[in-house]
Amino acid sequence: KAGFLARKIHADMDGKKTPRGKRGWKTFYAILKGTILYLQKDEYKPDKALSEEDLKNAVSVHHALASKATDYEKRPNVLKLKTADWRVFLFQAQSPEEMEAWINKINCV
Ligand code: I3P
């Protein structure tokens, strides 16, 4: 599964609220491959190697939980991802259908 997602980092690895200055929304081209959600700055190009930044932004969704972010009302089509290492991300999809598709794919990993 792949497509554009806007990401907001809500909590860091210790489960603590991500500090101000690092809480902004940023759009990525997301690709779910196996148990890894890759977040690339640019659209996927088969021949291009992943940059160091792409690798840093990659998230393991193994034992993670995705759900609709019902408590977040500022943007539509937002899902919440809680990872096994207690990070929390919000991801905004481009439609309600895309949001559902991402939630299902992530939870079926
Ligand atoms: C954040 C940025 C986010 C905002 C967040 C700010 O600032 O403006 O868009 O979240 O508010 O802290 P920065 O880019 O300096 O980290 P919303 O879009 O959800 O309002 P928050 O701290 O209340 O999450």
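Look up a bit, the structure's there.
Residues numbered from 1 in each chain as written. Predicted model: local features only at pLDDT ≥ 70, side-chain atom pairs only at ≥ 80, totals over all residues. Heavy atoms only, no water.

Chemist: Tell me about the site of the ligand, and please be specific about residues and values.
Modeler: As a structural note, the neighbourhood of the ligand is formed by Lys8, Arg20, Gly21, Lys22, Arg23, Gly24, Trp25, Tyr72 and Lys74. Between an oxygen atom of the ligand and a main-chain N or O atom of glycine 21, the distance comes to 2.7 Å. The contact in question runs from an oxygen atom of the ligand to an N or O atom on the backbone of arginine 23, over 2.7 Å. Here the ligand, which alone exposes 500 Å², has 59% of that area covered by the protein. Considered class by class, the residues forming the shell around the ligand number two nonpolar, two polar and five charged. (Near = heavy atom within 4 Å. Polar contact = N/O pair within 3.5 Å; in protein donor to acceptor, adjacent residues only side chain to side chain. Areas by Shrake-Rupley, 256 points an atom, 1.4 Å probe, with all protein chains shown as cover. Nonpolar A, V, L, I, M, F, W, Y, C, P; charged D, E, K, R; others polar.)

Chemist: Help me get a handle on the packing of aromatic side chains, residues and values and all.
Modeler: The description of an aromatic ring pair rests on the distance of the ring centres and on the angle between the ring planes. Tallied over the full model, the rule gives three aromatic pairs. Centre to centre, the rings of phenylalanine 4 and tyrosine 29 are 5.0 Å apart; their planes meet at 70°, and the pair counts as edge-to-face. Of this pair, phenylalanine 4 sits in strand β1 (residues 2-11) while tyrosine 29 sits in strand β2 (residues 26-33); the two residues are 25 residues apart in sequence, bridging distant segments of the chain. Residue classification places phenylalanine 4 among the partly exposed positions, given a relative accessible area of 31%. Here tryptophan 25 and tyrosine 72 contribute two aromatic rings whose centre-to-centre distance is 5.9 Å and whose plane-to-plane angle is 55°, an arrangement assigned as tilted. Highlighted residues: tryptophan 25 in the loop between β1 and β2 and tyrosine 72 in the loop between β5 (65-68) and β6 (78-82), separated in sequence by 47 residues. Under the relative-accessibility criterion, tyrosine 72 is labelled buried at 16%. The aromatic ring of tryptophan 102 is capped on one face by lysine 1, whose charged end is 5.0 Å from the ring centroid. When the ring centre of tyrosine 38 is taken as origin, the NZ or CZ atom of lysine 33, which lies over that ring, is 5.6 Å away. (Phe/Tyr/Trp six-rings, centres within 6.5 Å; stacked < 30°, edge-to-face > 60°. Helix = DSSP H or I, 4+ residues; strand = E, 2+ residues; numbered from the N terminus. Buried < 20%, exposed > 50% of the residue type's maximum accessible area, 1.4 Å probe, protein only. Lys NZ or Arg CZ within 6 Å of the ring centre and 35° of its normal.)

Chemist: I'd love a proper account of the pattern of salt bridges, names of residues and values included.
Modeler: Enumeration according to the criterion identifies six salt bridges in this entry. Linking lysine 41 and glutamate 53 is a salt bridge whose minimum nitrogen-to-oxygen distance equals 3.3 Å. A residue pair is termed long-range when its members are at least 10 positions apart, and lysine 41 in the loop between β3 (36-40) and α1 (52-57) and glutamate 53 in helix α1 qualify at twelve residues. Lysine 41 sits in the partly exposed class, given a relative accessible area of 48%. Classification of glutamate 53 by relative accessible area gives partly exposed; the value is 29%. Connected through salt bridges with shared partners, the residues Lys26, Lys41 and Glu53 form a single ionic network. (Salt bridge = Lys/Arg side-chain N within 4 Å of Asp/Glu carboxyl O.)

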